[in-house]
Amino acid sequence: QVQLVESGGGLVQAGGSLRLSCVASGSISSINTMRWYRQAPGKQRQLVAAITRDGSINYADSVKGRFTISRDNAWNTVYLQMNSLKPEDTAVYYCHTALYSMNYWGQGTQVTVSS
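Anyway, here's the lowdown on the structure attached to this text. It should be emphasised that the depicted structure is a prediction, and the values quoted were computed from it without experimental measurement. (Residues numbered from 1 in each chain as written. Predicted model: local features only at pLDDT ≥ 70, side-chain atom pairs only at ≥ 80, totals over all residues. Heavy atoms only, no water.)

Moving on to the overall build of the protein. A tally of regular secondary structure across the protein gives zero helices and eleven strands. Along the chain direction, N to C, the helices and strands of the protein fall in the order β-β-β-β-β-β-β-β-β-β-β. For the protein, the C-alpha radius of gyration of 13 Å lies close to 13 Å, the compact-globule estimate for 115 residues. The dimensions of the protein, computed from C-alpha atoms along their principal axes, are 40 × 25 × 20 Å. Looking at the protein residue by residue over its 115 residues, the buried ones come to 43%. Partitioning the intrachain contacts of the protein with sequence separation of at least 6 by distance along the chain shows that 52% fall at a separation of at least 24. Computed over 10 positive and 6 negative side-chain charges, the inter-centroid distance for the protein is 1 Å. (Helix = DSSP H or I, 4+ residues; strand = E, 2+ residues; numbered from the N terminus. Rg over C-alpha atoms; globule rule 2.2 N^0.38 Å. Buried < 20%, exposed > 50% of the residue type's maximum accessible area, 1.4 Å probe, protein only. Contact = heavy atoms within 4.5 Å. Lys, Arg positive; Asp, Glu negative; His and termini not counted. Charge placed at Lys NZ, Arg CZ, Asp CG, Glu CD.)

Below, the discussion takes up the state of the cysteines. Scanning all chains against the criterion turns up one disulfide. Disulfide pairing is shown between C22 and C95; the S-S distance is 2.1 Å. What sets the handedness of the C22 and C95 disulfide is the S-S torsion sign, and at about -85° it is left-handed. Note that C22 is positioned in strand β3 (residues 18–26) and C95 in strand β9 (residues 91–99), a separation of 73 residues in sequence. An identical accessibility class is assigned to C22 and C95; each is buried. (Disulfide = S-S within 2.5 Å.)

Moving on to the pairing of strand β10 (residues 102–105). Regular strands place side chains that alternate from one sheet face to the opposite one. Inspection of the sheet shows β9 paired to β10 by four bridges, in the antiparallel sense. Its bridge partner lying in β10, A98 is registered against N103. In sequence, β9 turns back onto β10 through a hairpin of two residues, with Y100 there showing a positive phi of about 50°. (Pairing = 2+ DSSP bridges.)

These results come straight from atomic positions and should not be treated as a statement about function.
In structure tokens form, the structure reads like this:
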């Protein structure tokens with residue numbers, strides 16, 4: 001099993017920055033991919049960024065050039081650096097991984113960007 005705990009959300013003005021953290025515990029040695037999703041009110045959950053153990057990275061088109069996903073070498077913390085934030089980035093941000101066909105989610109952290 002894996003436990004995920006996000007932190008770092010908050011209220012920021014448009015153009016500002018935030019850094020989200022996701023601390024993983026449990027069977028982290030078996031994790032291959034960590035992801036950040038977000039869900040805005042009334043909208044479906046959207047994949048924002050993903051990073052694999054071998055360092056491959058993918059971003060949603062809407063955040064390319066503004067967001068950066070990274071991890072520590074121990075693979076127990078994943079970060080999402082968010083720059084040039086826009087009001088449309090407002091959402092609850094969730095950390096996710098999948099292991100042995102099980103999906104694991106954190107509790108989410110609220111990001112609110114004011115115009």
